[in-house]
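As a plain string of letters, each chain reads:
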Amino acid sequence: MWAKFARFILRNRILIIVVLTVITGILGYYASKAQISYEAPRLLPEHDTTAIKYKAFKDRFGQDGSVMVIGISDSTLYSVKNFNSWFDLGNDLKKLNGVKAVVSVARLQTLLKNDSLGKFSTVAVFPEKPTSQKELDSTRKLIDKLKFYNGIIYNDTAHATLMAITFDNRFLNTKDRLEIVDNITAEVNKFVKATGIFVHYSGMPYIRTAVARKIQNEMTLFMILAIIVTAIILMLFFRSSLPVIFSLVVVIVGVVWSIGLLVLFNYNISVLTALIPPLLIVIGVPNCIMILNKYHIEYSLHGNKEEALSKSIEKVSISLFMANITTSIGFAVFCSTDSRLLYEFGLVASISVMLTYVISLMLVPIVFSFLPAPSLKHTRHLQS
């Protein structure tokens with residue numbers, strides 16, 4: 001069986017390269033559309049009682065985690081200059097696209113009884129910016145009487161106050177949230193530059209944005225580090241640039257296929273699925289090493305390049321298949337869980353491992369069938 005498979009690969013080299021190129025192009029197109037997940041990871045299954053209660057809570061009270069918080073702890077805020085800057089900051093943030101509401105000590109509301117209508121009316125504590133320190137101090141005394149806000153919007157003991165920015169739910173779990181957070185921080189930086197007051201950021205939109213960016217950056221970082229480490233190992237082992245270059249090409253093709261599959265399955269890049277590309281690099285490179293090593297061994301025995309490539313496919317295929325299928329099954333076990341996050345990771349990882357196995361088994365012998373036969377320098381590692 002494996003002998004026929006080896007002959008099929010070597011006799012249809014051009015056709016296989018064309019097919020692999022077309023598939024890589026298609027999946028590469030889908031991979032370019034991959035999106036980072038901007039939602040909180042769902043670790044619990046949907047039928048779990050806690051998850052059901054959480055969903056009911058959101059249905060009743062609205063989307064959670066829609067408030068970004070800016071906090072400061074500085075007594076100089078209540079100077080007219082700094083307070084007016086804080087006042088302007090709130091107004092500027094309210095005008096931003098995607099911001100639904102802004103609450104701060106400069107934008108508080110108080111209740112006034114309307115006897116004629118028989119109801120309460122809300123009135124802004126600061127309808128306009130204070131023009132003097134005396135006016136500010138007077139209005140601040142009124143704020144002190146509004147005990148409802150104490151410990152929520154301000155804390156006199158710590159000289160702390162916050163500004164709560166509510167996001168529009170339509171933008172909350174989309175990539176637009178990144179732009180909104182960037183626009184907010186840009187406006188806040190203007191306030192910091194004008195007043196010299198240090199600002200702290202918090203709230204789920206800010207934290208989830210930071211996490212999404214960290215996933216994206218670390219996915220790229222881990223891929224680069226994995227490529228560098230495996231390239232060094234390959235270079236030390238084979239003492240030639242060609243095995244290094246084409247082995248990395250093989251695993252990069254596998255990475256493109258995995259991300260393309262992720263998009264085809266309508267999944268986003270999450271904390272776990274972001275690990276698949278670097279995992280495929282470190283799993284795929286040993287496939288290439290074993291094929292090339294067997295090719296060098298066979299060539300050193302009889303000096304026939306075509307026969308050596310055929311024998312390397314025939315003899316290594318089964319051992320590589322067992323190694324990759326067991327790894328694939330290990331990832332596929334996650335599909336048996338009720339966690340959507342683990343299911344997505346397990347499904348894409350298990351399929352990608354086997355696809356990388358097929359790609360390496362076909363592409364490595366085909367590429368080296370077009371290259372010159374290995375020299376004595378390239379097979380010296382066999383005596384090490």
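The structure reproduced in this document is the subject of the present report. (Residues numbered from 1 in each chain as written. Predicted model: local features only at pLDDT ≥ 70, side-chain atom pairs only at ≥ 80, totals over all residues. Heavy atoms only, no water.)

1. Considerations on the overall build of the protein chain
Helices and strands together make up the secondary structure of the protein chain, namely 12 helices and 7 strands. In terms of C-alpha radius of gyration, the protein chain reaches 31 Å, well past the compact-globule figure of 21 Å for 384 residues. Each principal axis of the C-alpha distribution contributes one length, and for the protein chain these read about 105 × 45 × 35 Å. Of all 384 residues assigned to the protein chain, the portion counted as buried reaches 41%. Across the protein chain, every contact between residues at least 6 apart in sequence was considered, and the portion connecting residues at least 24 apart equals 74%. Carbon together with sulfur atoms contributes 62% to the accessible area of the protein chain, which is approximately 20600 Å² in total. Averaging the coordinates of the 39 positive side-chain charges in the protein chain and doing the same for the 26 negative ones gives two points 6 Å apart. (Helix = DSSP H or I, 4+ residues; strand = E, 2+ residues; numbered from the N terminus. Rg over C-alpha atoms; globule rule 2.2 N^0.38 Å. Buried < 20%, exposed > 50% of the residue type's maximum accessible area, 1.4 Å probe, protein only. Contact = heavy atoms within 4.5 Å. Areas by Shrake-Rupley, 256 points an atom, 1.4 Å probe, with all protein chains shown as cover. Lys, Arg positive; Asp, Glu negative; His and termini not counted. Charge placed at Lys NZ, Arg CZ, Asp CG, Glu CD.)

2. Points about the environment of leucine 341
Take leucine 341: it is sitting in helix H12 (residues 340-370). A sequence separation of 131 residues divides leucine 341 from alanine 210, and the C-alpha atoms of the two residues are 19 Å apart.

3. Topic: the packing of helix H11 (residues 305-332) against H12
Across the interface, H11 lies against H12 with an axial gap of 10 Å and an inter-helix angle of 175°. By the angle class used here, H11 and H12 are roughly antiparallel. The residues of H12 that touch H11, namely those facing Lys305, Leu309, Ile313, Ser317, Leu320, Phe321, Asn324, Ile325, Thr327, Ser328, Phe331 and Ala332, are Phe345, Gly346, Ala349, Ser350, Ile351, Val353, Met354, Tyr357, Leu361, Pro365, Phe368 and Ser369. Looking at the contact of H11 with H12, its residues break down into 16 nonpolar, 7 polar and 1 charged. (Axes fitted to C-alpha atoms, helices over the stretch in contact; angles between N-to-C directions. Parallel < 35°, antiparallel > 145°, perpendicular 65-115°, else oblique. Nonpolar A, V, L, I, M, F, W, Y, C, P; charged D, E, K, R; others polar.)

4. As for helix H2 (residues 13-31)
Along its 19 residues, H2 runs 26 Å from first to last C-alpha, staying within 8% of the 27 Å computed at 1.5 Å per residue. Inspection of H2 places Ile16, Leu20, Leu27 and Ala31 among the buried residues, and these make up the whole buried set. What you see down the axis of H2 is that its buried residues fit within an arc of 55°, all on one side. Exposed and oriented more than 90 degrees from the buried face of H2 are Ile14, Leu15 and Thr21. (Expected span 1.5 Å × (residues − 1). Arc of directions from axis to C-beta.)

5. Side note on the nonpolar core
Ile269, Val364 and Phe368 are the most contacted members of the largest nonpolar core, which has 59 residues in total. With 15 residues, H12 is the single largest residue contributor to this core. Residue contacts for isoleucine 269: discarding those within four places in its chain leaves Ala34, Gln35, Ile36, Ser37, Ile215, Met219, Leu262 and Ala274. Core analysis: the second largest hydrophobic core is formed by 37 residues, Leu77, Val105, Phe126 and Val188 among them. (Core = buried A, V, L, I, M, F, W, Y, C linked by side-chain atoms within 4.5 Å.)

6. Some remarks on the pairing of strand E1 (residues 67-73)
Relative to strand E6 (residues 160-167), E1 is paired through 7 bridges, and the arrangement is antiparallel. Within the sheet, the bridge partner assigned to valine 67 lies in E6 and is threonine 166. When E1 meets strand E7 (residues 200-203), the two strands line up antiparallel, connected through 4 bridges. Opposite valine 69, over in E7, you have serine 202 as the bridge partner. (Pairing = 2+ DSSP bridges.)

7. Digging into the pattern of salt bridges
Tallying each qualifying case throughout the model produces 7 salt bridges. Arginine 170 is the partner of aspartate 168 in a salt bridge, and the nearest nitrogen-oxygen pair spans 2.8 Å. For aspartate 168, a relative accessible area of 17% corresponds to the buried category. Taking relative accessible area as the criterion, arginine 170 reaches 63% and is therefore assigned exposed. (Salt bridge = Lys/Arg side-chain N within 4 Å of Asp/Glu carboxyl O.)

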